[in-house]
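Chain by chain, the residues run as shown.
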Amino acid sequence: MLPVASPTPFMPAILPGQAPIPFYLADISQAEMLAVQAVLAGNRHAGGGQQTERCHALLAATLPGSTPLLTQSCTAALEMAALLLDLRPGDEVIMPSWTFCSTANAVLLRGAVPVFADICPRTLNLDPAAAAAAITSRSRAVLCVHYAGVGCAMEELAALCAAHGLALVEDAAQAVGATWRGRALGGFGVLGTFSFHASKNISAGEGGALLINDPALRARAEMMWEKGTDRVRFSRGEVARYTWQEIGSSFLPSEITAALLAAQLTRCGEITARRLALWERYHALLTPLAARFELRLPEIPAEAGHNAHIYHLRLPDAGRRDRALALLAAEGIGATSHYEPLHLSPAGRRMARARAPLPVTEDCGATLLRLPLHNELSPADQERVVQRLIAALSGRWH
Ligand SMILES: Cc1ncc(COP(=O)(O)O)c(C=O)c1O
């Protein structure tokens, strides 16, 4: 008999008579399965082949002027970005603490220091005024994160960076298919990064992309991607043989990943449209209940074309959030909190810094709850999630 794992938000408890509702599920169709099979049948599955080229073309079509390079994860793309910025020990990079540790690790791996600034209470994205207050003579870049696929205030961040000679980089891990004033996120900074992890809207299991928006960085990025060699130029027929030219690593994924991703990217519009309909349905169900239960629901700025990556809400306090999470998990509903703010985590306390208190970030860490959101949710599932959440909040559990 297989051991029975204890319930987690990602694979919640199975109760008799009630199907569990997982927190996320990738939207994988027959097209993805056939694409992977075809690569295996062709027996050409090392990285950098036709499927990788297809992904690059699909990404470039939505990001005019950008050169995309597939990577094995968004983490790897962030590490490439930090290398391309030539960060040196002691340099500072301003970023939110409300993010995944990969944003900060990429900077730390270069010996530079993540400096955390607080987020806006409406969007949960880096607050341009807080970022401005964190600038010192050691600042080199601002690394913004488009939380939940909702764009940061791009004009303000770009103006801030221009005024202080800082590079703007976008951690667009959650923002594939999302826009700001109609332009694709990931294409605003000198560099942008996407995630195609299984939990993201567009999924390759593990995968990512670096978006090179400054043409001056392209040649070095291509070499860094292929172990520091000019192999990409060789495959374009521009050099007779390839040699070691630069510092680099093996950042490219295999053609199996690329084939799966190309099929997903082809379906990006369809996958996002379904998620948006589910997001709107949660919003319609919860909006009439917000005042009574003191719920803070997501706010989408008029400039943002979001991609429904996350439906989150903030509860009045940590006690009610944790109780709701526990009760939902016990019932097989995969709701979950989100980031442990990085400045409060053990590595963040040791290796990063914040120059001012981060009250909005700490409030999100304590009170934010994410509802299950994936394309297999039915209207009945969504009603059950909201009904059980409200029962947990009103103390009327069963
Ligand atoms: C903001 C942010 N950056 C980076 C990452 C890392 O992405 P990956 O798992 O593709 O390395 C994540 C993952 O969830 C994320 O949320």
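**Student:** Explain the overall build of the protein to me, using residue names and the numbers behind them.
**Tutor:** Per the secondary structure count, the protein includes 14 helices and 13 strands. What you see for the protein is a C-alpha radius of gyration of 22 Å, in line with the 21 Å of a compact globule of 398 residues. Considered along the principal axes of its C-alpha atoms, the protein spans approximately 70 × 55 × 45 Å. A separation threshold of at least 6 residues defines the contact pool for the protein, and within that pool the share at least 24 residues apart is 69%. Of the roughly 17,000 Å² of accessible surface on the protein, a fraction of 58% belongs to carbon and sulfur atoms.

**Student:** Which residues make up helix 10 (residues 268-286), and what values go with them?
**Tutor:** Between its terminal C-alpha atoms helix 10 stretches 27 Å, which fits the 27 Å expected from 19 residues at 1.5 Å a residue. Turning to helix 10, its buried residues number three or more, namely Cys268, Ile271, Thr272, Arg275, Leu278, Trp279, Tyr282, His283 and Leu286. Take helix 10 and look down its axis: the buried residues cluster within an arc of 140 degrees, on one side only. Exposed residues on helix 10 whose side chains face more than 90 degrees from its buried face are Gly269 and Ala284. For helix 10, the elements touching its buried residues are helix 9 (255-266) and helix 14 (379-393).

**Student:** I'd like a rundown of the domain arrangement of the protein, residues and numbers included.
**Tutor:** Split into domains, the protein comes out as domain 1 (30-266) and domain 2 (269-393). One C-alpha centre belongs to domain 1, the other to domain 2; they are set 25 Å apart. Domain 1 puts 41 residues into the contact, and the matching count from domain 2 is 34 residues. Together, the buried faces of domain 1 and domain 2 total about 3,400 Å²; carbon and sulfur atoms form 58% of this surface. Of all residues in domain 1, Trp98, Phe116 and Asn201 bury the most surface against domain 2, accounting for 21% of the area lost on that side. At the boundary of domain 1 with domain 2, the tally comes to 4 salt bridges. Where domain 1 meets domain 2, there are 20 residue pairs in polar contact (both at pLDDT 80 or more). Elements supplying a minimum of two residues to the side of domain 1 that touches domain 2: helix 4 (101-108), strand 3 (113-117) and strand 6 (179-180). The dominant element in the side of domain 1 that touches domain 2, judged by the number of residues it contributes, is strand 3, at 5 residues. Residues that form the side of domain 1 that touches domain 2 fall into these classes: 23 nonpolar, 12 polar and 6 charged.

**Student:** Can you break down the site of the ligand residue by residue, with the values?
**Tutor:** Lining the immediate environment of the ligand, one finds 17 residues, of which Cys74, Thr75, Asp171, Ser195 and Lys200 sit closest. Residue Asp171 places a side-chain N or O atom 2.7 Å away from a nitrogen atom belonging to the ligand. At 3 residues, helix 3 (residues 74-84) tops the list of elements feeding residues into the shell around the ligand. Counted by class, the shell around the ligand contains 6 nonpolar, 9 polar and 2 charged residues.

**Student:** Kindly report on helix 6 (residues 154-164), identifying the contributing residues and their values.
**Tutor:** Among the residues of helix 6, those classed as buried are Met154, Leu157, Leu160 and Cys161. Buried residues along helix 6 cover an arc of 135 degrees about the axis, so they all sit on one side. Of the exposed residues in helix 6, those oriented more than 90 degrees away from the buried face are Ala162 and Ala163. Those residues of helix 6 that are buried are in contact with helix 5 (128-133), strand 4 (139-145), strand 5 (167-171) and strand 6. Where helix 6 terminates, the next one or two residues include Gly165, which has phi positive at roughly 65 degrees.

Parameters at a glance
One numbering rule holds for all chains: residues counted from 1, following each sequence as written. Local features are withheld for residues below a pLDDT of 70 in this predicted model, meaning they are given only at 70 or higher, and side-chain atom pairs are given and counted only at 80 or more; totals for whole chains, interfaces and linings count all residues. Working from all heavy atoms in the structure, the side-chain values ignore hydrogens and water. Numbered from the N terminus, helices here are DSSP runs of H or I no shorter than four residues, and strands are runs of E no shorter than two. Restricting the calculation to C-alpha atoms gives the radius of gyration, and the globule rule supplies 2.2 Å times the number of residues raised to the power 0.38. The contact definition used throughout considers only heavy atoms, calling two residues in contact when any of these lie within 4.5 Å. Here the accessible surface of atoms and residues is derived via Shrake-Rupley with a 1.4 Å probe, and residues count as covered only by protein chains that are part of the display. Multiply 1.5 Å by the residue count of a helix minus one, and that product is the helix's expected span. Here's how the labels work: a residue is buried when its accessible area is under 20% of the maximum for its type, exposed when over 50%, partly exposed in between, all with a 1.4 Å probe on protein chains only. Think of the arc as the fan of directions from the helix axis to the C-beta atoms. Start and end points for every domain follow an automatic or database-based domain assignment. Summed over both partners, buried area is the accessible surface (1.4 Å probe) that two parts give up on being assembled. Salt bridges are defined by distance alone: a side-chain nitrogen of Lys or Arg within 4 Å of a carboxyl oxygen of Asp or Glu. Contacts described as polar in this section are N or O atom pairs within 3.5 Å, which, within protein, must combine one atom able to donate a hydrogen with one able to accept it, while residues neighboring in sequence count only if both atoms come from side chains. The nonpolar class holds Ala, Val, Leu, Ile, Met, Phe, Trp, Tyr, Cys and Pro. Asp, Glu, Lys and Arg form the charged class, and all remaining residues, Gly among them, are polar. One heavy atom within 4 Å of a molecule or strand is enough for the residue carrying it to be called near that molecule or strand.

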